[in-house]
Every structure is written in C-alpha cells, then in structure tokens.
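Letter by letter, the chains look like this.
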Amino acid sequence: MELGNLTGSSEFLLLGLSEEPELQPLIFGLFLSMYLITVFGNLLIILAVSSDSHLHTPMYFFLSNLSLVDICFTSTTVPKMLVNIQTQSKVITYAGCITQMYFFVLFAGLDDFLLTVMAYDRYVAICHPLHYMVIMNPRLCGLLVLVSWIMSVLHSLLQCLVVLRLTFCPDLEIPHFFCEIKQMVQLACSDTFLNNMVMYFGIVLLGGGPLVGILYSYSKIIVSSIWGIPSAQGKYKAFSTCVSHLLVVSLFYGTALGVYLSSAVTHSSYSSATASVMYTVVTPMLNPFIYSLRNKDIKRALKRLL
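For the protein, an unreviewed UniProt entry supplies the name Olfactory receptor 7A10-like and the organism Myotis lucifugus. Listed under Subcellular location (unreviewed entry) in UniProt, the entry text for the protein is "Membrane". Of the comments in the UniProt record for the protein, the one headed Function (unreviewed entry) reads "Putative odorant or sperm cell receptor."

A word on the side chain of Ser156. For Ser156, the location among the structural elements is in helix H7 (residues 138-164). Residue class for Ser156 comes out buried when judged on its relative accessible area of 0%.

Turning to the environment of Val249, a few remarks are in order. One can find Val249 in helix H10 (residues 232-266). For Val249, a relative accessible area of 7% translates into the label buried. Distance from Val249 to Leu115, taken between C-alpha atoms, is 6.9 Å for residues 134 residues apart in sequence. With near-sequence residues (within four places) excluded, Val249 lies in contact with Leu115, Ile214 and Gly254.

Attention now moves to the state of the cysteines. Using the criterion set out here, one finds one disulfide in the structure. A disulfide bridge connects Cys97 with Cys179, and the sulfur atoms are separated by 1.9 Å. Its S-S torsion of approximately -115 degrees makes the covalent link between Cys97 and Cys179 left-handed. Within this pair, whereas Cys97 is found in helix H5 (residues 94-127), its partner Cys179 is found in the loop between strand S3 (173-174) and helix H8 (181-186), the two being separated by 82 residues in sequence. Judged by its relative accessible area of 1%, Cys179 falls in the buried class. Left without a disulfide partner, Cys160 is nearest to the cysteine sulfur of Cys97, which lies 9.9 Å away.

Interaxial distance between helix H2 (residues 24-51) and helix H4 (residues 78-87) falls to 10 Å at its minimum, and their mutual angle equals 150 degrees. Relative to H4, the element H2 is oriented roughly antiparallel. The two elements H2 and H4 cross, and the hand of that crossing is left-handed. Of the residues in H4, those touching H2 at Gln24, Ile27, Phe28, Phe31, Leu32 and Tyr35 are Val78, Pro79, Met81, Leu82, Ile85 and Gln86. Partitioned by chemical class, the residues of the contact of H2 with H4 number ten nonpolar, two polar and no charged.

Once that is clear, we can look at the pattern of salt bridges. Going through the model one piece at a time under the given rule, you end up with four salt bridges. Between Glu19 and Lys90 there is a salt bridge, with its nearest N and O atoms 3.2 Å apart. Highlighted residues: Glu19 in the loop between strand S1 (11-14) and H2 and Lys90 in the loop between H4 and strand S2 (91-93), separated in sequence by 71 residues. By relative accessible area, which is 34% here, Lys90 ends up partly exposed.

Criteria and cut-off values
Residues numbered from 1 in each chain as written. Predicted model: local features only at pLDDT ≥ 70, side-chain atom pairs only at ≥ 80, totals over all residues. Heavy atoms only, no water. UniProt positions renumbered as here; feature names shortened; annotations may be inferred. Helix = DSSP H or I, 4+ residues; strand = E, 2+ residues; numbered from the N terminus. Buried < 20%, exposed > 50% of the residue type's maximum accessible area, 1.4 Å probe, protein only. Contact = heavy atoms within 4.5 Å. Disulfide = S-S within 2.5 Å. Axes fitted to C-alpha atoms, helices over the stretch in contact; angles between N-to-C directions. Parallel < 35°, antiparallel > 145°, perpendicular 65-115°, else oblique. Left-handed = near helix turned anticlockwise from the far one by under 90°. Nonpolar A, V, L, I, M, F, W, Y, C, P; charged D, E, K, R; others polar. Salt bridge = Lys/Arg side-chain N within 4 Å of Asp/Glu carboxyl O.

The structure is reproduced here in structure tokens:
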C-alpha cells in the first residue's frame with residue numbers, strides 16, 4: 001500500500017506537555033480551571049456588552065468579537081487535551097488533526113486582525129475625536145470584522161491545503177498538546193519546501209502586517225497626544241483608554257514571538273509546547289480581567305448583569 005494512502009487513515013499521537021503519569025492529574029486540573037475561567041470570563045464580557053445599550057459603540061463591538069474569538073481559540077486545543085488525559089489516550093485522527101490545525105490557524109489570525117482593528121479604533125478616537133462616530137460607523141465596523149474573517153479563513157485554508165499534499169513517516173508522534181502546523185510539517189517524509197515558504201509567508205503577512213499596523217496607530221496616538229493635547233490630564237485620559245489594549249497586544253505578540261524564537265534557538269519541542277501555553281491559554285484567560293479591571297463601563301455593565 002502506498003504511504004499516501006496510509007496517511008489518510010493514520011492516527012497521530014499528541015505527547016502533551018509531559019509524559020510523567022503523576023503529573024497528569026495536576027495538568028488536567030490546571031488546564032480545566034484555566035479553560036473554564038476563559039470561557040466564563042469572555043462570555044460575561046459578551047453578555048455585558050450586548051445587554052447594556054451604553055456599550056453599543058465600536059470599541060465594545062470589537063471587544064465582544066475578540067472575546068468570542070478567544071473562546072473559540074482556546075476551545076480548539078484544550079478540550080481535546082483534557083479528553084486525552086482523562087481517557088489516558090494520546091490518539092488524534094488524521095482528519096481530527098487537520099481540523100484542529102485549521103481552526104487554530106483561523107482563530108489565531110482573527111486575534112491578530114481584531115487587535116489591529118482595535119488599535120485603529122483607538123487611533124481614530126484620540127486623533128480624530130470630532131469625526132469618530134462618522135468614521136467608525138456601523139457599516140465600517142461590520143466590514144472590518146468581515147474582512148478579518150475572510151482573510152483568516154483563506155489563510156487557514158491555504159495552510160491546510162499545503163499540509164494535505166504531504167505524506168508522513170510511520171513515526172507520527174507530535175511532542176505538543178495540539179496539532180501545531182510546524183510540528184506536523186516536521187513529521188513529513190515528502191518535500192516540505194512549499195510548506196515552509198507558505199508558513200513563513202503567513203507569519204510575515206498575518207503576524208508582521210498587523211503588528212506594523214498596531215505600531216503605526218500607536219505612534220500616531222503618541223504624536224497626537226504630545227502635540228495635540230495641551231493638558232497633562234487630557235494626555236493621561238487619552239493614554240488610559242489604550243492601556244488595556246496595549247497589555248493584551250504585548251501579551252499575545254510577546255509570548256507568541258517568544259515561543260518561536262526560543263524553539264528556533266533551543267530546538268526543544270517540549271519547551272516550545274510549554275511556552276505555547278502562554279499565548280494559547282493564558283492570554284485568552286487574562287483578556288477579560290485586563291479589559292474589565294480598568295474599565296468603569298464594563299464594571300457597571302457586569303454589576304447590572306449579575
């Protein structure tokens with residue numbers, strides 16, 4: 001039988017964060033707690049924004065979309081990991097692995113785009129306050145989110161299509177807790193030049209592009225605040241609306257870049273898997289706290305909701 005035909009019916013083994021049996025209950029409890037906090041925290045943000053008419057503004061519209069994406073982003077990896085620990089099985093089917101990879105890349109890209117759109121929203125609010133509601137009208141807001149979805153779907157589809165053309169070696173062990181695209185490509189027996197090119201193209205386009213957009217927006221905000229706002233109180237108020245978003249951007253990009261840079265230097269798959277927890281699980285869990293603790297409108301809406 002050809003190897004290509006074998007690949008279609010093969011099963012991959014997700015080795016997880018550790019193979020030590022005594023650590024599995026601790027990992028299960030820790031990840032279950034973080035997953036529940038992520039889901040309920042982000043769900044509360046969505047309910048608070050939708051239930052309070054005062055929060056029906058572009059900024060909170062994008063925030064509720066980010067919360068929805070964070071729930072989906074975490075749900076692509078953690079539940080399967082918890083099931084594997086509970087059933088003491090490391091198996092994931094070939095179709096399941098491709099599906100998990102597709103949705104992981106999709107929601108990671110959406111996170112990137114939404115953070116960029118939110119940076120643009122803050123730029124318009126601070127640099128063009130008198131025209132804010134005219135520029136950030138409902139049609140533009142909806143269009144920005146729609147374009148983010150379309151770009152992410154197409155990019156994720158492209159990444160999966162180039163993986164589907166690969167044939168894999170008999171040793172199908174992935175030293176990770178989910179089907180990470182880089183780890184899957186490394187298991188291939190066929191030529192992976194095209195996959196690497198598409199992967200790096202995606203990193204530059206969907207990672208570097210949005211980051212440049214965010215940095216450009218905040219450079220304009222800083223210049224506008226320094227030259228356009230005379231009072232210190234006005235400058236503080238302008239920057240305070242950006243602090244939460246800057247924290248989330250720093251967490252997401254800082255941890256993601258740290259994972260890929262550290263894996264490139266150390267070449268340790270398990271250290272890469274452990275570091276990946278930061279941007280796949282910890283950052284989505286912290287987002288509701290970051291956006292609610294410093295935001296009086298969100299606090300007030302949550303009190304009404306609860």
